[in-house]
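Close look at the chain arrangement
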Amino acid sequence: MPSPRSPLSRLFTVLLAGLLAGLVLALAALPTGLLGGFVAKASLGAYAELPDALRTPAQPQRSYLYANDGKTLITTFYDVNRTDVPLAEIAPVMRQAIISAEDRRFYSHGGADLRGIARALVANVKGGGTEQGGSTLTMQYVRNVLKTDPTRTAEERQAATEQTVGRKLQEIRYANALEQSLSKDEILNRYLNIAYFGSGAYGVAAASQRYFGTAPADLTLGEAALLAGLVQSPDEYSPIDGDKDAALARRAYVLDSMAETGAVTAAQAAAAKAEPLRLRPTAQPNGCTATAQGHDDWGFFCDYLRQWWLTQPAFGDTADEREQALRRGGYRVVTTLDPKIQQTAQAQATKVYGYDDKRALPIAAVEPGTGRVLAMAVNRHYSLADNPGGQANHPNTVNPLISGGASVDGYQAGSTFKLFTMLAALEAGKPLATGFDAPAKLPTRYASDAEGNCDGMWCPSNANPEWMDGYRMMWDGFGRSVNTYFVWLAEQVGEDKVVEMAQRLGITFRADSDAAFARNNAANWGAFTLGVAATTPLDLANAYATVAAEGTYCTPLPVVSVTAPDGDAVDVGQPNCKQVLEPDVARAATDAARCPVGQQSAYGQCNGGTATGVDGIVDRPVAGKTGSSERNATETFVGFTPQVAVAGIAANPDDATDLVGSAVQAKVIDAVARTIKAAVAGKPVRDFTAPSRELAGDPQRPQPRPQPQQPTQPRPDTRDNLPADILRWLQNRN
């Protein structure tokens, strides 16, 4: 449904309608002959003054997407299905349907149906029902041309739909001028070739193919009526992307209108209304599903860019206008996609799981300090092709498995969320040397009746007590991924501060249950530090990139530059960054994050890690963190250097109860580490800046109790014995 208008908007409409209605009613009251003379005189010479786009319709131009080198073509966006067809190749029922639905007096007025405008304006002032437009097909054609003309500026395109008396009068004048120079059939033909029918289809030829897989000459009465009904509100009525019931109701309205005008008989209209909706949708052969041959993996990045594009005001006021700009505007888009990094990430993702595997390893790479998205890989084909029975999402899918959105909430990332607890503690003034004698189990303030509780309280445990228990500071607590240390630390600083820190670094709660918990109960989200909230590889990589950039958060960005057809740069390619952490806080967290990957902190306090093989693979300063969700349902690793951050999460996107198992953790670590290595190859080696002595603190350890040697393969940092309420919450989420 259309969004309710504000009182101010309603007042403006009433005033505008009243003013214009008075003028139009005065004109409409004139005798027909005198009115015709007035219109003809007002239009005299106006055709020569018309914008070029109205006299000679502008041809849509392709938009080209390139990789970050500005040379490697990813794909093109264009209205490939928008083929201008002559009126003779459009079924008569389609012509009759559009006239009956939008402009019954089309063949009798002179471009502006003044009586119809007056009637609509008076009805709108009185209210009590759906707003009426009163615009003729000729006026609609004028508006469509001017608001989508790629040769006009964004301001000029916006002015074509402004609710002002001046704009409406100009539209009437242009419409009358066109009617003085073009035949009715030519105007109707132009209108049918430019009107938007929803679901990306511009023009009746594209719409016929998009919805019914047929040519406009072969449309049936029911099909024509449905298409004609879409132009009033394409997004609302589209049976593919909108409401099928609304589309059928609108089809019935058009058929009744055709019967009233005599275009069809009442019996024909009734028979067409009784027909079921038989859609035969066809995918557009361009865009993200038509990336360069052999590179259908680029489609996931392409789709992310398209979703980003649809949010940018520089390309129009609405998503529909921005979509039109992408497909018609002739832009040259240099994206942030790095083919070399993408190739490595894709090879690594498919090395862990094949294309036909129900499990997936989505991987994202981000540049710290700019937010530029360098790679988005997963072991899937970005394709609309059918999958074998029972395989909802593999090997083909167009779901955003890497970036999230639509139906993809994300995946639990386990102990990678301990970073947010550490940052919150550091920001609160607790140094890296903050010590705690971490027990195998830690009783908390949360009541629990789950098996293994501690006197009725939730008591999380360490996955590998022999290696994790004992006196820990942030360095080795993070390096060994000690659950009880970080649950204790979160209690010290406040769980709500930890949740806020994650959000500050770009973690988006797409799952309704996560968003509700964060909004209403963050202070009691004790398990948050153990990574129970869903996230995506892109969000996670960008959060860690913020730490790599010494506290500078940058909104993820898929473009380097966008150039309009006239050669002017569109101001959308600049990174959008802000300082969200004190640099010393970020440096301290990085210092501790050297421990998990087998490197040494600036203060020599690393004594073991869960991903020590990363050091030998990357062979330069690197940091990172592993994460395993409950019962190893997912396995995660995120690593970073000052020049790149990469995250990968092994999961089953279709079934959260399908546990990937701990054995895959080593493969995930290896895949991410080798992607990092490829990303920094040939770049100068950069080291991390050590944190201040103040934030490091005084790492004086007490005499530790005897500890066994670190296992060759330490057990993953799973979470056990969650409280019953959190377990129920997780089960409901999944």
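Quick caveat: nothing in here was measured; it's all calculated off a predicted structure.

1. Brief notes about the overall build of the protein chain
Scanning the protein chain from N- to C-terminus turns up 30 helices and 18 strands. The buried share among the 734 residues of the protein chain stands at 57%. Partitioning the contacts of the protein chain with sequence separation of at least 6, the portion at a separation of at least 24 is 73%. Summed over all atoms, the accessible surface of the protein chain reaches about 29100 Å², with 50% contributed by carbon and sulfur.

2. Here we look at helix α22 (residues 483-493)
Of all 11 residues that make up α22, nine are buried, and the element is covered over most of its length. Those residues of α22 that fall on the buried side of the exposure criterion are N483, T484, Y485, F486, V487, W488, L489, A490 and V493.

3. Notes on helix α16 (residues 298-309)
For α16, with 12 residues, the first-to-last C-alpha span of 16 Å sits near the 16 Å given by 1.5 Å per residue. Across the 12 residues of α16, 10 count as buried, placing the element largely inside the fold. For α16, the full list of buried residues reads W298, G299, F300, F301, C302, D303, Y304, L305, W308 and W309.

4. Re the sheet that holds strand β18 (residues 645-650)
The strand order across the open sheet formed by five strands is β5-β4-β18-β17-β16, and the pairing between neighbours is antiparallel. Looking at strand neighbours, the two that pair on one side only are β5 (373-377) and β16 (623-628), the edges of this open sheet. Going from strand to strand, the sheet's axes swing by 5 degrees on average, the running direction of each strand aside. In this structure, β16 lies alongside strand β17 (residues 635-640), joined through six bridges in antiparallel fashion. From the neighbouring strand, K625 faces β17, where its bridge partner is V638.

5. Section: the nonpolar core
For soluble globular proteins, nonpolar side chains are generally found buried alongside one another. One finds F420 and M422 to be the most contacted residues of the largest nonpolar core, which totals 113 residues. Leave out the neighbours within four places in its chain, and M422 touches L432, M474, F478, F486, L489, A589 and A592. Residues F106, I187, F197 and V254 belong to the second largest nonpolar core, which totals 61 residues.

6. Thoughts on the sheet that holds strand β14 (residues 569-570)
In spatial order, the strands read β2-β1-β3-β13-β14; together these five strands make up an open sheet with mixed pairing. Where the open sheet ends on each side, the last strands, each with one partner, are β2 (73-77) and β14. In terms of strand pairing, strand β3 (residues 332-335) meets strand β13 (residues 559-563) through four bridges, oriented antiparallel. Residue pairing in the sheet places R332 in a bridge with T563 of β13. Lying on the sheet, α16 is in contact with β1 (63-66), β2, β3 and β13; it crosses β2 at an angle near 45 degrees.

7. Comments concerning the packing of aromatic side chains
Summed over the entire model, instances satisfying the criterion amount to 22 aromatic pairs. Centre to centre, the rings of Y64 and Y66 are 6.5 Å apart; their planes meet at 20 degrees, and the pair counts as stacked. Residue Y64 is classed as partly exposed on the basis of its relative accessible area of 33%. Residue Y66 is classed as buried on the basis of its relative accessible area of 16%. With 5.2 Å between their ring centres and 75 degrees between their planes, Y485 and F486 make a pair best called edge-to-face. Both residues of the pair, Y485 and F486, count as buried. Through a chain of ring-to-ring contacts, the aromatic side chains of F417, F420, F509, F517, W525 and F528 assemble into a single cluster. In this arrangement the basic side chain of R328 is found over the ring face of Y202, its NZ or CZ atom lying 4.6 Å from the centre. The positively charged end of R332 is found above the aromatic ring belonging to Y66, 4.7 Å away from the centroid.

8. Details of the environment of L146
Of note, L146 is situated in helix α7 (residues 137-148). The sequence separation of L146 and A160 amounts to 14 residues, and the corresponding C-alpha distance is 5.8 Å. Beyond its immediate sequence surroundings of up to four residues, L146 is in contact with P51, L54, R152, R157, A160 and Y174.

9. Digging into unusual backbone geometry
For the bond running from H394 to P395, omega is 5 degrees, close enough to zero to count as cis. Tracing the backbone through its elements, the reader meets P395 in the loop between β6 (381-382) and β7 (396-397). Positive phi outside glycine occurs at S481, with the angle close to 55 degrees. Within the secondary structure, S481 is located in the loop between α21 (474-479) and α22.

10. Overview of the environment of Y485
Mapped onto the fold, Y485 is located in helix α22. Linking Y485 and G435, residues 50 residues apart in sequence, is a C-alpha distance of 8.8 Å. For Y485, the residues in contact, after removing those within four places along its chain, are T434, F436, A438, R472, M473, M474 and G477. Here M474 takes part through its backbone nitrogen, which lies 3.2 Å from a polar atom of the side chain of Y485.

11. Thoughts on the side chain of R472
Mapped onto the fold, R472 is located in strand β10 (residues 470-472). Looking at R472, its side chain comes within polar contact range of the main-chain oxygen of W467, at 3.3 Å. A polar side-chain atom of R472 sits 3.0 Å from the main-chain carbonyl oxygen of D469.

12. With respect to the pattern of salt bridges
What the rule picks out here adds up to 21 salt bridges. Residues R167 and E171 are paired through a salt bridge, measuring 2.4 Å at the closest nitrogen-oxygen approach. You can see R167 and its partner E171 sitting in helix α9 (residues 165-181), four residues apart, about one turn around the helix. Here R280 ties to E223 by a salt bridge, and the two come within 3.1 Å at their closest N and O atoms. With R280 in the loop between α15 (266-274) and α16 and E223 in helix α12 (residues 221-230), the pair connects residues that are 57 residues apart, well separated along the chain. Looking at R280, the relative accessible area reads 40%, which means it is partly exposed. Overall, E223 belongs to the buried group, its relative accessible area being 11%. The network of salt bridges with shared partners includes R143, R167, K168 and E171.

13. Some details on the pairing of β1
Summarising the sheet, β1 and β2 pair through four bridges and their orientation is antiparallel. Bridge pairing in β2 places L65 opposite T75. Joining the antiparallel neighbours β1 and β2 is a turn of six residues, in which G70 adopts a positive phi near 75 degrees.

14. Focus: the pairing of β18
For β18, a buried count of six out of six residues is recorded, marking the element as mostly surrounded by other parts of the structure. Burial along β18 is two-sided: A645, A647 and I649 and V646, G648 and A650, pointing in opposite directions, are all buried. Relative to β18, strand β4 (residues 363-366) runs antiparallel, the two being bridged by four bridges. Residue pairing across strands places A365 opposite V646, the latter belonging to β18. Here β17 pairs with β18 via six bridges, running antiparallel. In the sheet register, V638 faces β18, and the bridge partner there is A647. Here β17 hands over to β18 after four residues, the two strands then running antiparallel side by side.

Criteria and thresholds
Residues numbered from 1 in each chain as written. Predicted model: local features only at pLDDT ≥ 70, side-chain atom pairs only at ≥ 80, totals over all residues. Heavy atoms only, no water. Helix = DSSP H or I, 4+ residues; strand = E, 2+ residues; numbered from the N terminus. Buried < 20%, exposed > 50% of the residue type's maximum accessible area, 1.4 Å probe, protein only. Contact = heavy atoms within 4.5 Å. Areas by Shrake-Rupley, 256 points an atom, 1.4 Å probe, with all protein chains shown as cover. Expected span 1.5 Å × (residues − 1). Pairing = 2+ DSSP bridges. Axes fitted to C-alpha atoms, helices over the stretch in contact; angles between N-to-C directions. Core = buried A, V, L, I, M, F, W, Y, C linked by side-chain atoms within 4.5 Å. Phe/Tyr/Trp six-rings, centres within 6.5 Å; stacked < 30°, edge-to-face > 60°. Lys NZ or Arg CZ within 6 Å of the ring centre and 35° of its normal. Polar contact = N/O pair within 3.5 Å; in protein donor to acceptor, adjacent residues only side chain to side chain. Salt bridge = Lys/Arg side-chain N within 4 Å of Asp/Glu carboxyl O.

What is shown is where atoms sit, not what they do.
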